Amino acid sequence: MKFDAKIDKWINIMLYGSVLILVPMFFFVPQDELFIMFITTMLMALLIIPIARMSYYVLKDDYLQIRMGYIGMKIKYDNIKSIESVDGWNSSSSMALSKERVKITVHNKGKIMGTTYISPENRELFIMDLRSKCKNLDGSIDF
């Protein structure tokens, strides 16, 4: 089952705005540097816009597939130690584009490397579906 990533409005504005802010610069760049400005704008668009347009999570037969733009990750269900619903921002890196997140902890990894944050659109349904596929969970899942 595929779940789209939830993206907070301000993150959407920041992602698209970082590309759109380059457009007014075309009026102020000297004529001989327009090509460089065009290439820079296209590269920014090709790197940033897919984050907002190609972010999703898929529950496959044996693993959870996470996609955020060009970055992909797989977590085997057997390796998942705990799943919990969390709100708010923290200083750790994550694959979540919203402050309404799901924290996935993996067995046999450290606190930093073994924790992944994601932000599915329908968080409760995602957690229930993921829980049904995971056999090695420690304790209960918090909502």
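Before any of the text, the structure's been laid out above.
In this text, all values refer to a predicted model and were calculated from it rather than measured experimentally. (Residues numbered from 1 in each chain as written. Predicted model: local features only at pLDDT ≥ 70, side-chain atom pairs only at ≥ 80, totals over all residues. Heavy atoms only, no water.)

## A look at the overall build of the protein
In step 1: Along the protein, the regular secondary structure elements total three helices and seven strands.
In step 2: Reading the secondary structure of the protein in the N-to-C direction produces β-α-α-β-β-β-β-β-β-α.
In step 3: For a compact globule of 143 residues, the expected C-alpha radius of gyration is about 15 Å, and the protein comes in at 19 Å, more than 25% above that figure.
In step 4: Each of the three principal axes of the protein carries a C-alpha extent, and together these read 65 × 30 × 25 Å.
In step 5: The buried share of the protein, reckoned over its 143 residues, is 38%.
In step 6: By element, 59% of the accessible surface of the protein is carried by carbon and sulfur atoms, the whole surface being about 9,100 Å².
In step 7: For the protein, the centre of its 18 positive side-chain charges and the centre of its 15 negative side-chain charges are spaced 4 Å apart. (Helix = DSSP H or I, 4+ residues; strand = E, 2+ residues; numbered from the N terminus. Rg over C-alpha atoms; globule rule 2.2 N^0.38 Å. Buried < 20%, exposed > 50% of the residue type's maximum accessible area, 1.4 Å probe, protein only. Areas by Shrake-Rupley, 256 points an atom, 1.4 Å probe, with all protein chains shown as cover. Lys, Arg positive; Asp, Glu negative; His and termini not counted. Charge placed at Lys NZ, Arg CZ, Asp CG, Glu CD.)

## Examining the sheet that holds strand β7 (residues 115-118)
In step 1: An order of β5-β6-β7 is seen for the three strands of this open sheet, with the pairing classed as antiparallel. With partners counted over all chains shown, the strands left at the sheet margins are β5 (80-87) and β7, one partner each. Neighbour to neighbour, the strand axes of the sheet diverge by 20 degrees on average, direction disregarded.
In step 2: Note: β5 against strand β6 (residues 100-106), seven bridges, orientation antiparallel. (Pairing = 2+ DSSP bridges. Axes fitted to C-alpha atoms, helices over the stretch in contact; angles between N-to-C directions.)

## Some words on the environment of Asp8
In step 1: Tracing the chain through its elements places Asp8 in the loop between β1 (2-4) and α1 (9-20).
In step 2: A sequence separation of 111 residues divides Asp8 from Ser119, and the C-alpha atoms of the two residues are 9.7 Å apart.
In step 3: Residues in contact with Asp8, not counting those within four places in the same chain, are Trp89, Leu97, Ser98 and Lys99.
In step 4: Here the side chain of Asp8 touches Lys99 through a polar contact of 3.0 Å, landing on its backbone nitrogen. (Contact = heavy atoms within 4.5 Å. Polar contact = N/O pair within 3.5 Å; in protein donor to acceptor, adjacent residues only side chain to side chain.)

## Details of helix α2 (residues 34-53)
In step 1: Counted at 1.5 Å a residue, the expected span for α2 with its 20 residues is 28 Å, and the 27 Å between its end C-alpha atoms agrees.
In step 2: At Leu46, α2 is bent by approximately 25 degrees, the largest bend along its length, and proline Pro50 sits one to four residues beyond.
In step 3: Buried-residue contacts for α2 involve α1 and β2 (55-59). (Expected span 1.5 Å × (residues − 1). Bend = angle between axes of the 7 residues up to and from the residue.)

## Quick word on the nonpolar core
In step 1: If you look at the biggest cluster of nonpolar residues, it comprises 29 residues, and the most contacted ones within it are Leu64, Ile80, Ile83, Ile104, Ile118, Phe126 and Leu130.
In step 2: For this core, the secondary-structure elements that each account for two or more residues are α1, α2, β2, β3 (63-68), β5, β6 and α3 (123-133).
In step 3: For Leu130, the residues in contact, after removing those within four places along its chain, are Leu59, Tyr77, Ile80, Ile83 and Ile104. (Core = buried A, V, L, I, M, F, W, Y, C linked by side-chain atoms within 4.5 Å.)

## Some points on the packing of aromatic side chains
In step 1: Counted by the stated rule, this structure contains two aromatic pairs.
In step 2: Every member of this aromatic cluster is reached through a ring pair, and the members are Phe3, Tyr57 and Phe126.
In step 3: Across the ring face of Tyr56, the terminal group of Lys2 is positioned such that the distance to the ring centre comes to 4.2 Å.
In step 4: Cation over ring: Arg101 sits above Tyr117, and NZ or CZ is 5.6 Å from the ring centre. (Phe/Tyr/Trp six-rings, centres within 6.5 Å; stacked < 30°, edge-to-face > 60°. Lys NZ or Arg CZ within 6 Å of the ring centre and 35° of its normal.)

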